[in-house]
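Letter by letter, the chains look like this.
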Amino acid sequence: MTIKTLDELLSDGVDNRYVLVRSDLNVPLDDGRVTDDGRIRASIPTLQLLVERGAKVIVMAHLGRPKGQPDEKYSLRPAVDRLDELAPFAVEFADDVTGPSARERAAGLAAGSVLVLQNIRFDARETSKDDAQRQDLARELASLTGDTGAYVDDAFGAVHRRHASVYDIAEVLPAYEGNLVRSELEVLSRLTTDPAKPYVVVLGGSKVSDKLAVIENLMTRADYLLIGGGMVYTFLAAQGYKVGASLLEEDQIDTVKDYLSRAEAAGCQFVLPTDIVVADRFAPDAKHEVVPASSIENSSFGASGTGLDIGPESAAAFSDRIRSGATVFWNGPMGVFEFDAFANGTKAVAEGLKACSGLTVVGGGDSAAAVRKLGFADSDFGHISTGGGASLEYLEGKELPGIAVLDN
Ligand SMILES: Nc1ncnc2c1ncn2[C@@H]1O[C@H](COP(=O)(O)OP(=O)(O)OP(=O)(O)O)[C@@H](O)[C@H]1O
Ligand SMILES: O=C(O)[C@H](O)COP(=O)(O)O
């Protein structure tokens, strides 16, 4: 691959030139307040280099999954305000994507300034399956940059999306790889090229079918695959157990059965929880009990019980297994960590990574938010990736459209 780097763009000179940067500012919000600013902090270094060299920087970013039209709930404003607070440069905000506000502010942008456009997903063309629609938006975005514009992809968390601001724009403007994308790929490549053994992978979270696909590839690489979070229940169902009202993807049960039957031959051991914290409902103050993973419906809540965390015995076993790993990759919380009563499994896994002397990588927006919320420091881990789906697709060995398009 020959990908042009940010350094090359800087040495070509950006003074007074427009540079369109795709950043991942998709951060969790609570009541309009940013609850984890990790992705915002990670976006600053690339922007700062451009600002210092006198570029007119226009940032494109998304927040959540709005339905292709403006929706105040998904405004980027809180993320932009936080960026403005954290960054050593001032940040302006356009309250549309390529409309009058964006055009006027872009035209008046001074050298060494940053303008962030409103949530790019407010424009339905951004995520359209129709190439022509996306290309149309890409051309409109490029037109904000005059004749000498360049594009920098710094949104590692979104490189797995074939979207206008990630993919099509790189075919319209000279395209470069941002430093965040570069450093993420450098660390993640250590997980795919001869990882030190034992290699332990911990998977959890709620995007079950997204994550099942990665197992296929990881089975042949990892020595241990620890399964927690919402994924557990599809595995327990595949083993013939009833899971009450827990998160379950029935159409994935056969796939999981297939994985379980092939694991040994692939040299990989699945480690499933032996106990589960079952709740009477999905709520922070739900009543809850610890039961064996094989008998979730035997709790006092019967078939309406829902598994919201791995139990204490499993948490301790997971933590021990992780501690003795030489390479550890973790994606997805072990339970509904947002509710204190169901955060213990996630905390134990984080403790295991902290105590591990090997290479430890945490991938995923929610996983990163979880460890910070639980009081861990970024320095407790070897690397906290800004990409959830992106890091998984990388490990799966899939081509990442946002990277492939940068290849000249
Ligand atoms: N047993 C469970 N039942 C329901 N939800 C669960 C369960 N365990 C974990 N979760 C939820 O999973 C969510 C995180 O899952 P997700 O798959 O999005 O993680 P991630 O990969 O770290 O994030 P991202 O993909 O956004 O980068 C959390 O909000 C958590 O509450
Ligand atoms: O949160 C993420 O993983 C990235 O920001 C991409 O978001 P998406 O899954 O909504 O495309």
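Being a predicted model, the structure only gives us computed values, none of them experimental. (Residues numbered from 1 in each chain as written. Chains lettered and ligands numbered in written order. Predicted model: local features only at pLDDT ≥ 70, side-chain atom pairs only at ≥ 80, totals over all residues. Heavy atoms only, no water.)

In this section: the layout of surface pockets. By volume, the second largest pocket is sized at about 250 Å³. If you go around the second largest pocket, you meet 20 residues; those closest to its centre are Gly38, Ala42, Arg372, Ile384 and Thr386. Every element with two or more residues in the lining of the second largest pocket is listed here: helix 2 (38–52), helix 6 (179–192), helix 12 (365–373) and strand 17 (383–385). Of the residues forming the lining of the second largest pocket, the biggest block, four residues, is contributed by helix 2. For the lining of the second largest pocket, the residue count by class is six nonpolar, eight polar and six charged. (1 Å grid on protein atoms, 1.4 Å probe; cavity = no way out; pocket = protein on both sides within 12 Å on 5 of 7 lines; lining within 4 Å. Points joined across faces, edges and corners; volume = space filled by probe spheres on them. Helix = DSSP H or I, 4+ residues; strand = E, 2+ residues; numbered from the N terminus. Nonpolar A, V, L, I, M, F, W, Y, C, P; charged D, E, K, R; others polar.)

As a further point, take the packing of helix 7 (residues 208–218) against helix 13 (residues 389–396). For the pair helix 7 and helix 13, interaxial distance at closest approach is 8 Å and the crossing angle is 30°. One element, helix 7, and the other, helix 13, form an angle in the roughly parallel class. Two packed elements cross with a definite hand, and for helix 7 against helix 13 that hand is left-handed. From helix 7, Asp210, Lys211, Ala213, Val214, Asn217 and Leu218 reach across to helix 13, where they touch Leu392, Leu395 and Glu396. Across the contact of helix 7 with helix 13, the residue classes break down as five nonpolar, one polar and three charged. (Axes fitted to C-alpha atoms, helices over the stretch in contact; angles between N-to-C directions. Parallel < 35°, antiparallel > 145°, perpendicular 65-115°, else oblique. Left-handed = near helix turned anticlockwise from the far one by under 90°. Contact = heavy atoms within 4.5 Å.)

What follows deals with the site of ligand 2. All residues in the neighbourhood of ligand 2 are listed as Asp24, Asn26, Arg39, His62, Arg65, Arg121, Gly157 and Arg161. Within the side chain of Arg39, a nitrogen or oxygen atom sits 3.1 Å from an oxygen atom of ligand 2. Compared with its free state, where it exposes 310 Å², ligand 2 has 92% of that area covered by protein. Here the shell around ligand 2 is composed, by residue class, of no nonpolar, three polar and five charged. (Near = heavy atom within 4 Å. Polar contact = N/O pair within 3.5 Å; in protein donor to acceptor, adjacent residues only side chain to side chain. Areas by Shrake-Rupley, 256 points an atom, 1.4 Å probe, with all protein chains shown as cover.)

Moving on, we come to the site of ligand 1. Taken together, 21 residues are adjacent to ligand 1, and Lys207, Lys211, Glu338, Gly365 and Ser367 come closest. Ser206 places a polar main-chain atom, nitrogen or oxygen, 3.0 Å from an oxygen atom of ligand 1. Here Asp366 contributes a side-chain N or O atom positioned 3.0 Å from an oxygen atom of ligand 1. Bound to the protein, ligand 1 loses 89% of the 650 Å² it would expose on its own.

Right, let's talk about the pattern of salt bridges for a bit. In the structure shown here, the tally under the stated rule is 20 salt bridges. With its nearest N and O atoms 3.8 Å apart, the salt bridge here joins Arg22 to Glu126. Taken together, the positions of Arg22 in strand 1 (residues 18–22) and Glu126 in the loop between strand 6 (113–116) and helix 5 (131–142) put the pair 104 residues apart, joining distant regions of the chain. Since its relative accessible area comes to 0%, Arg22 is described here as buried. We note a salt bridge from Lys398 to Glu396, for which the minimum N-O separation is 3.6 Å. Connected through salt bridges with shared partners, the residues Asp37, Arg41, Arg82 and Glu85 form a single ionic network. (Salt bridge = Lys/Arg side-chain N within 4 Å of Asp/Glu carboxyl O. Buried < 20%, exposed > 50% of the residue type's maximum accessible area, 1.4 Å probe, protein only.)

What follows covers the sheet that holds strand 10 (residues 224–227). Reading across from one edge, 11-10-9-15-16-17 is the order of the six strands in this open sheet, with parallel pairing throughout. In this open sheet, the two edge strands, each paired with only one partner strand, are strand 11 (269–271) and strand 17. Between one strand and the next, the sheet's axes are offset by a mean angle of 15°, whatever the strand orientation. Where strand 9 (residues 199–203) and strand 10 come together, four bridges link them in parallel fashion. Directly across from Leu203, in strand 10, lies its bridge partner Ile227. On the sheet, helix 13 packs against strand 9, strand 15 (327–331), strand 16 (359–363) and strand 17 and is oriented at approximately 130° with respect to strand 15. (Pairing = 2+ DSSP bridges.)

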